[in-house]
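Summary of structural features
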Amino acid sequence: EAGVTQSPTHLIKTRGQQATLRCSPISGHTSVYWYQQALGLGLQFLLWYDEGEERNRGNFPPRFSGRQFPNYSSELNVNALELEDSALYLCASSLRVGTYLGNQPQHFGDGTRLSIL
Amino acid sequence: DAKTTQPNSMESNEEEPVHLPCNHSTISGTDYIHWYRQLPSQGPEYVIHGLTSNVNNRMASLAIAEDRKSSTLILHRATLRDAAVYYCILRNTDKLIFGTGTRLQVFP
């Protein structure tokens, strides 16, 4: 079974540009989550998509946005890039069974490393 | 969100058992206890989770205290590949809230 795949592996941008990161979930998983892992800040929840809708977002500005496609893959867009956006961006997927999510493990990709020059 | 407390680091020798502790005194009845680990240059990897009873899978065992205020992840025979940061997370919602975890070093 193929795991969560993310592309690109590395992305280099300059301040003010826009970045698009992509994620393909495990087959059969409908929920996709995005996390940011910046140096010194640990892993922080960014966004959750399920069935094509944004269901929850973390404490990040609106220039962080995304979408989920009918095939459940997802894109994370970061506009007006700032130096502090340099981080590893991780995507995870899970099954969504019922409305209670505590019992569903999340499976992560290896991330996209975004560097802002 | 309920908080967990883990030691910053632990050491083990190869082929020895490792017991990684986690305290979660404010756990609620609907919180599942999840463990993930992150190897260098990789995304986090799901290890195991449970609610009240002890759990076993091919990777590890999870021992949960009767009052659920603490738990222990047990690696039965550590290998060099088990060197990673291990995160204990309480979860009853969509997102995972990662703390700083325990950095496990394994020596040959």
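Right above here is the structure, for reference.
Here's a quick rundown of the structure. Quantities reported herein were computed from a predicted structural model and do not represent experimental measurements.

**A look at the overall build of chain A**
- Helices and strands together make up the secondary structure of chain A, namely zero helices and eleven strands.
- Of the regular secondary structure in chain A, the N- to C-terminal order runs β-β-β-β-β-β-β-β-β-β-β.
- Relative to the 2.2 N^0.38 estimate, which gives 13 Å for 117 residues, the radius of gyration of chain A is 14 Å and therefore close to what a compact globule would have.
- For chain A, the residues scored as buried account for 50% of the 117 residues in total.
- Of the accessible surface of chain A, which amounts to about 5,600 Å², a share of 49% is contributed by carbon and sulfur atoms.
- For chain A, the distance from the average site of its 9 positive side-chain charges to the average site of its 10 negative ones is 5 Å.

**Things to note about the interface of chain B and chain A**
- Every contact between the two is made by 19 residues of chain B and, on the other side, 19 residues of chain A.
- Summing both sides of the interface, chain B and chain A together bury roughly 1,600 Å²; the carbon and sulfur share of this comes to 53%.
- Taken together, the elements giving at least two residues each to the side of chain B that touches chain A come down to strand S3 (32–38), strand S4 (45–50) and strand S8 (84–91) of chain B.
- When residues in the side of chain B that touches chain A are grouped by element, the largest group, four residues, is from S3 of chain B.
- Class assignment for the residues of the side of chain B that touches chain A results in seven nonpolar, eight polar and four charged.

**Focus on the nonpolar core**
- In terms of nonpolar packing, the biggest core is built from 22 residues, with Leu21, Trp34, Leu46, Leu76, Tyr89 and Leu114 of chain A touching the most fellow members.
- Of all the secondary-structure elements, those providing two or more residues to this core are strand S3 (19–24), strand S4 (31–38), strand S5 (42–50), strand S8 (74–78), strand S9 (87–94) and strand S11 (112–116) of chain A.
- In terms of nonpolar packing, the next biggest core, distinct from the first, is built from 21 residues, Ile27, Trp35, Val47 and Cys88 of chain B among them.

**Quick notes on the pairing of S4 of chain B**
Residue and element names in this part refer to chain B.
- Of all six residues in S4, five are buried, a share of seventy percent or more.
- Relative to S4, S3 is paired through five bridges, and the arrangement is antiparallel. Following the sheet pairing, isoleucine 33 is matched in S4 by glycine 50.
- Between S3 and S4, which pair antiparallel in sequence order, lie six residues; one of them, serine 41, sits at a positive phi of approximately 65 degrees.

**Some words on the pattern of salt bridges**
- This model, assessed by the stated rule, comprises eight salt bridges over all chains.
- Across the salt bridge formed by glutamate 15 of chain B and arginine 77 of chain B, the nearest N and O atoms sit 3.2 Å from each other. Taken together, the residues glutamate 15 of chain B in the loop between strand S1 (9–13) and strand S2 (18–23) and arginine 77 of chain B in the loop between strand S7 (70–75) and S8 connect sequence positions 62 residues apart.
- The salt bridge partner of aspartate 82 of chain B is arginine 37 of chain B, with a shortest N-O separation of 2.8 Å. Of this pair, aspartate 82 of chain B sits in the loop between S7 and S8 while arginine 37 of chain B sits in strand S3; the two residues are 45 residues apart in sequence, bridging distant segments of the chain. Both residues of the pair, aspartate 82 of chain B and arginine 37 of chain B, count as buried.
- Each member of the salt-bridge network shares a partner with another, and the members are Arg22, Arg67 and Glu75 of chain A.

**As for the layout of surface pockets**
- What the largest pocket holds in volume is close to 830 Å³.
- Around the largest pocket, the lining comprises 39 residues; the ones closest to its centre are Gln37, Gly42 and Leu43 of chain A together with Gln38 and Tyr87 of chain B.
- Mapped by element, the contributors of at least two residues to the lining of the largest pocket are S4, S5, S9 and S11 of chain A together with S8 and strand S9 (102–107) of chain B.
- Considered class by class, the residues forming the lining of the largest pocket number 19 nonpolar, 17 polar and three charged.
- Size it by volume and the second largest pocket reaches roughly 390 Å³.
- At the level of secondary structure, the elements contributing two or more residues to the lining of the second largest pocket comprise strand S10 (107–108) of chain A together with S4 of chain B.
- The element contributing the most residues to the lining of the second largest pocket is S4 of chain B, with three residues.
- Counted by class, the lining of the second largest pocket contains seven nonpolar, seven polar and four charged residues.

Conventions used here
- Residues numbered from 1 in each chain as written.
- Chains lettered and ligands numbered in written order.
- Predicted model: local features only at pLDDT ≥ 70, side-chain atom pairs only at ≥ 80, totals over all residues.
- Heavy atoms only, no water.
- Helix = DSSP H or I, 4+ residues; strand = E, 2+ residues; numbered from the N terminus.
- Rg over C-alpha atoms; globule rule 2.2 N^0.38 Å.
- Buried < 20%, exposed > 50% of the residue type's maximum accessible area, 1.4 Å probe, protein only.
- Areas by Shrake-Rupley, 256 points an atom, 1.4 Å probe, with all protein chains shown as cover.
- Lys, Arg positive; Asp, Glu negative; His and termini not counted.
- Charge placed at Lys NZ, Arg CZ, Asp CG, Glu CD.
- Contact = heavy atoms within 4.5 Å.
- Buried area = accessible area lost by both parts, 1.4 Å probe.
- Nonpolar A, V, L, I, M, F, W, Y, C, P; charged D, E, K, R; others polar.
- Core = buried A, V, L, I, M, F, W, Y, C linked by side-chain atoms within 4.5 Å.
- Pairing = 2+ DSSP bridges.
- Salt bridge = Lys/Arg side-chain N within 4 Å of Asp/Glu carboxyl O.
- 1 Å grid on protein atoms, 1.4 Å probe; cavity = no way out; pocket = protein on both sides within 12 Å on 5 of 7 lines; lining within 4 Å.
- Points joined across faces, edges and corners; volume = space filled by probe spheres on them.

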